Number of protein chains: 2
Amino acid sequence: MSNATIDLLRSHRSIRKFSSQPVTDLVLEQILLAGQSAATSSFLQGATVIRVRKPESRQKLAVYAGNQPYVASAPEFLVFCADLRRAGNCCATYGKSFSGDYTEHFIIATVDAALMAQNAVVAAESLGLGICYIGGIRNNPREVSDLLKLPEGVYPVFGLCLGYPDQNPEVKPRLPLSVIVKNEVYEDSADQAPIAEYDEQVREYYRTRTGGGHGICWSEQVAELLSEKARPHMRGFLAEQGFLFK
Amino acid sequence: MSNATIDLLRSHRSIRKFSSQPVTDLVLEQILLAGQSAATSSFLQGATVIRVRKPESRQKLAVYAGNQPYVASAPEFLVFCADLRRAGNCCATYGKSFSGDYTEHFIIATVDAALMAQNAVVAAESLGLGICYIGGIRNNPREVSDLLKLPEGVYPVFGLCLGYPDQNPEVKPRLPLSVIVKNEVYEDSADQAPIAEYDEQVREYYRTRTGGGHGICWSEQVAELLSEKARPHMRGFLAEQGFLFK
């Protein structure tokens, strides 16, 4: 029931170490065209990609992303932005007033950026490249936006490192399907046992990996993540960019 | 420089008319496992899928989505939810207080749902199925959430119709790459001419399609979309579900 595309999808893992082989413009173009072919909400096409190649900019982005050196060293680094400005310009052309400050607009542009990025990722991996999403650029979104001259109506959702892999990490195990997929209604009362079993699998995954998470399991990792303040600057930053969550 | 996977990605179009051939459980499992293999922010795995098969529920969802009959008639209908509840349960297990009400949490769970969905879509299309995203479920998110018994910390991002195509629509043209991809910084001062050219392409696309958009171009469509109130209930609904945009 499987096929080469599904095998490819299921073999995804983040790559943070790349060979010196450059990504040609032709390869990058194929990746981005495939990205663009993803569905887009209401035909908005609400995503813009900034390709950053200048070493000074890449160094800065690596720092802004919380000191992730592969942001500087990856052959290519793309910043996927949610973009309502292009639509705003269309409003101006047709003499209409722009109302892109609803929560809904934030959702559709963010989802557009994500769908486009994931299609680009699949295309890249099908060509033998490896990738790593960089949510860390939201650590310092103001600095990132100033560097990339992002205007109002645009925000950087995540970055993407691209290049030919110089490492071959294991695929990270995922939660059992029974936990992720529910029939008819949301029902999680039977999830405890499969999650506990999964936690052991994740512990084992980290144990057998060099430099891994010291035997921490999924539940504990997620508990830590969700009990901390999460980038509390985001709301204010997004307001400055014109996303008002009306 | 292309390959079968990229050809597949680039041939995507929404399918709204499906043959009576059912999607077997095995096929659906492959699709969902491939979906799960997508990257997930901070290993959160913040997406849950509700598979809806009951005809009464499907009828209701079709109405809630703004009377889209294929939501009821598609062989399969999946609702992709952003899910912080599972992480909240982990906090409880480890005696930590849950703080999942930041804007950042909303972003990571929403992006997780979108990445998973897009991987599932690619897997589905690689197996010969067609799909249609249904953002329309956000027309009536309260009703959808009540029907699917979505608890606090969970919201329905979009639905997905799945089945074997019984139509063969054209691929919809996308904006020129020069408009979507920028080098080093955001710069749109040269976009007017390529967008005008693209608008003609879209007009032509609609002209040659039965039941098309009456020769409306992309710019005009987007101007209309962004000058209207966009699901103004979303913010209040999300607050009820525990997404506070702190």
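Residues numbered from 1 in each chain as written. Chains lettered and ligands numbered in written order. Predicted model: local features only at pLDDT ≥ 70, side-chain atom pairs only at ≥ 80, totals over all residues.

Enquirer: Go over the overall build of chain A, please, and point to the residues and values.
Expert: Counting its secondary structure elements, chain A contains eleven helices and five strands. In terms of C-alpha radius of gyration, chain A reaches 20 Å, essentially the compact-globule figure of 18 Å for 246 residues. The proportion of buried residues among the 246 residues of chain A is 50%. For chain A, contacts bridging at least 24 residues in sequence account for 78% of all contacts bridging at least 6. (Helix = DSSP H or I, 4+ residues; strand = E, 2+ residues; numbered from the N terminus. Rg over C-alpha atoms; globule rule 2.2 N^0.38 Å. Buried ≥ 20, exposed ≤ 12 C-beta atoms within 10 Å, placed from the backbone. Contact = placed C-beta atoms within 7 Å.)

Enquirer: Pulling in residues and values, what's your account of the packing of helix α10 (residues 218-226) of chain A against helix α5 (residues 85-93) of chain B?
Expert: One way to put it is that α10 of chain A packs onto α5 of chain B with a least axis distance of 8 Å and a crossing angle of 100 degrees. In terms of their interaxial angle, α10 of chain A and α5 of chain B are classed as roughly perpendicular. Where α10 of chain A abuts α5 of chain B, its residues S219, V222, A223, L225 and L226 of chain A lie against A87, G88, C90, C91 and T93 of chain B. Classifying every residue of the contact of α10 of chain A with α5 of chain B by side-chain character gives seven nonpolar, three polar and no charged. (Axes fitted to C-alpha atoms, helices over the stretch in contact; angles between N-to-C directions. Parallel < 35°, antiparallel > 145°, perpendicular 65-115°, else oblique. Nonpolar A, V, L, I, M, F, W, Y, C, P; charged D, E, K, R; others polar.)

Enquirer: So, the interface of chain A and chain B: which residues are in play, and what are the values?
Expert: Chain A puts 100 residues into the contact, and the matching count from chain B is 100 residues. Top element by residues in the side of chain A that touches chain B is helix α6 (residues 103-126) of chain A. It accounts for 14 residues. Grouping the constituent residues of the side of chain A that touches chain B by class yields 53 nonpolar, 29 polar and 18 charged.

Enquirer: Talk me through the relation of the copies chain A and chain B; I want residue IDs and the actual numbers.
Expert: Expressed as a screw operation, the relation of chain A to chain B combines 0.0 Å of axial shift with a rotation of 180 degrees, fitting to an RMSD of 0.0 Å. As the rotation angle and translation indicate, the two copies are arranged about a two-fold axis. A high fraction, 100%, of the interface residues of chain A reappear at the interface in chain B, so the copies pair face to face through one surface. (Least-squares fit on C-alpha atoms with pLDDT ≥ 70 in both.)

Enquirer: Can you lay out helix α2 (residues 25-36) of chain A for me, pointing to particular residues and giving the numbers?
Expert: Between the first and last C-alpha of α2 of chain A there are 16 Å, a value that for twelve residues agrees with the 16 Å anticipated at 1.5 Å per step. All of the buried residues in α2 of chain A are L28, Q30, I31, L32, L33, A34, G35 and Q36 of chain A. Structurally, α2 of chain A contributes buried residues whose contacts are with β1 (47-52), β2 (76-83) and α6 of chain A together with α1 (4-10), α8 (177-180) and β5 (181-183) of chain B. (Expected span 1.5 Å × (residues − 1).)

Enquirer: Provide a residue-level description of the environment of N67 of chain B, including the pertinent values.
Expert: All names here are of chain B. Position of N67 among the secondary structure elements: in the loop between α3 (55-64) and α4 (70-73). Accessibility expressed as a C-beta count within 10 Å gives 11 for N67, which makes it exposed. Expressed as a C-alpha distance, the spacing of N67 and G215, which sit 148 residues apart in the sequence, is 24 Å.

Enquirer: Describe the pairing of β1 of chain A, and please don't skip the residues or the numbers.
Expert: When you tally the buried positions in β1 of chain A, you get five out of six residues, the bulk of the element. With six bridges joining them, β1 of chain A and β2 of chain A adopt antiparallel strand pairing. Note that in β2 of chain A the partner of T48 of chain A across the bridge is C81 of chain A. The pairing of β1 of chain A with β5 of chain B spans three bridges and is classified as parallel. Of the residues in β5 of chain B, the one forming a bridge with V49 of chain A is V181 of chain B. (Pairing = 2+ DSSP bridges.)

Enquirer: Pulling in residues and values, what's your account of the confidence of the model for chain A?
Expert: Counting all residues, the mean pLDDT for chain A is 96, and 98% of those residues have values of 70 or more. In the predicted assembly, ipTM is 0.98 and pTM is 0.98. (pLDDT = per-residue confidence, 0-100.)

Enquirer: Explain the nonpolar core to me, and be specific about the residues and the numbers.
Expert: Core analysis: the biggest nonpolar cluster contains 156 residues, and F80 and C81 of chain A together with F80 and C81 of chain B have the highest contact counts within it. Those residues in contact with F80 of chain A, other than ones at most four positions away along the chain, are A47, V49, A113, M116, A117, V157, F158 and L160 of chain A. (Core = buried A, V, L, I, M, F, W, Y, C linked by C-beta atoms within 7 Å.)

Enquirer: Quick rundown of the sheet that holds β1 of chain A? Include the residues and the values.
Expert: Strand order in the open sheet formed by five strands is β3(A)-β4(A)-β2(A)-β1(A)-β5(B), and the pairing between neighbours is mixed. Of all the strands in the sheet, just β3 (130-134) of chain A together with β5 of chain B have a single pairing partner and so form its edges. Here the average twist between neighbouring strands, direction ignored, is 25 degrees. Sheet contacts for α6 of chain A: β1, β2, β3 and β4 (154-163) of chain A; angle to β2 of chain A, the most-contacted strand, approximately 155 degrees.

Enquirer: Explain the domain arrangement of chain A to me, using residue names and the numbers behind them.
Expert: Interfaces are often sized by the amount of accessible area the parts lose when they come together. Split by domain assignment, chain A resolves into domain 1 (4-169) and domain 2 (177-222). Centre-to-centre, using C-alpha coordinates, domain 1 of chain A lies 28 Å away from domain 2 of chain A. (Domains from an automatic or database assignment.)

Enquirer: Now, about the pairing of strand β4 (residues 154-163) of chain B: what can you tell me, with residues and values included?
Expert: Residues and elements named next belong to chain B. Buried residues dominate β4, accounting for ten of its ten residues. Bridge count for strand β2 (residues 76-83) against β4 is eight bridges, and the pairing is antiparallel. Bridge assignment links D83 to a residue of β4, and that residue is V154. For strand β3 (residues 130-134) and β4, the ladder comprises five bridges, and the chain directions are antiparallel. Within β4, the residue paired with Y133 across the bridge is L160.

Enquirer: How would you sum up the packing of α6 of chain A against helix α6 (residues 103-126) of chain B? Please name residues and give values.
Expert: Two numbers describe how α6 of chain A lies on α6 of chain B: the axes approach to 8 Å, and their chain directions differ by 45 degrees. Our classification of the angle between α6 of chain A and α6 of chain B gives oblique. Every pair of crossing elements has a handedness; the one defined by α6 of chain A and α6 of chain B is right-handed. In contact with I107, T110, V111, A114, L115, Q118, N119 and V122 of chain A of α6 of chain A, α6 of chain B contributes I107, T110, V111, A114, L115, Q118, N119 and V122 of chain B. Residues of the contact of α6 of chain A with α6 of chain B, tallied by class, amount to ten nonpolar, six polar and no charged. (Left-handed = near helix turned anticlockwise from the far one by under 90°.)

Enquirer: Which residues make up unusual backbone geometry, and what values do they have?
Expert: Residues and elements named next belong to chain A. Phi is positive for S42, which is not a glycine, with a value near 50 degrees. Looking at where S42 falls in the secondary structure, it is placed in the loop between α2 and β1. In this structure, R231 is a non-glycine residue whose phi angle is positive, near 35 degrees. Tracing the backbone through its elements, the reader meets R231 in the loop between α10 and α11 (234-240). A tally of 20 C-beta atoms within 10 Å means that R231 is categorised as buried.

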